[in-house]
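Each chain, written out:
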Amino acid sequence: MLELKIRKYVRFSIIGWFGAVVFVVAYLLLSLRVLSAERVWYHILNAVGGICLVINSVFLDDVPNFFVNIVWAAIALFAVYRIQKTSKKKLIPNSKN
């Protein structure tokens, strides 16, 4: 039984650490201008990092961490939607011109 709890803890810790690393890598790549906040990949990395930390915070019963990361992931997913929507508009010629 204890071994099962330890495995579960390790699994959720790995998910949490993965999310934290993804956040840091996304910010590093943004700071180095490898990624742009106007591109989808930066926001996808933020959403993935946020979702991983949400999973970890549910396991740890960490409500403030859950709240911040669910909002962070939602903002990132909204940004992905906005960028995709804008990109599709640019591909469709305006019929009025």
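Below or above, wherever it landed, is the structure these notes cover.

What counts, and at which threshold
- Residues numbered from 1 in each chain as written.
- Predicted model: local features only at pLDDT ≥ 70, side-chain atom pairs only at ≥ 80, totals over all residues.
- Heavy atoms only, no water.
- Helix = DSSP H or I, 4+ residues; strand = E, 2+ residues; numbered from the N terminus.
- Phe/Tyr/Trp six-rings, centres within 6.5 Å; stacked < 30°, edge-to-face > 60°.
- Patch = residues over 30% accessible without salt bridge, like charges linked within 9 Å, V, L, I, M, F, W, Y side chains within 5 Å.
- Areas by Shrake-Rupley, 256 points an atom, 1.4 Å probe, with all protein chains shown as cover.
- Salt bridge = Lys/Arg side-chain N within 4 Å of Asp/Glu carboxyl O.

This paragraph deals with unusual backbone geometry. In this structure, Arg 33 takes a positive phi of about 65° despite not being glycine. With respect to the helices and strands, the residue Arg 33 is situated in the loop between α1 (2-31) and α2 (40-60). Although it is not a glycine, Asp 61 sits at a positive phi angle of roughly 55°.

The full count for this structure, using the stated rule, is 4 aromatic pairs. Geometrically, the ring pair formed by Phe 12 and Phe 59 is stacked, given 4.5 Å between the ring centres and 5° between the ring planes. Within this pair, whereas Phe 12 is found in helix α1, its partner Phe 59 is found in helix α2, the two being separated by 47 residues in sequence. Put simply, the rings of Tyr 9, Phe 12 and Phe 59 pair up and form one aromatic cluster.

A few words now on a nonpolar patch on the surface. On the surface, Val 58, Phe 66, Phe 67, Val 68, Ile 70, Val 71 and Ile 75 cluster together to form a nonpolar patch covering roughly 630 Å² of accessible area. Sorting elements by how many residues they give to the nonpolar patch places helix α3 (residues 63-91) first, with 6 residues. Mapped onto the secondary structure, Phe 67 falls in helix α3.

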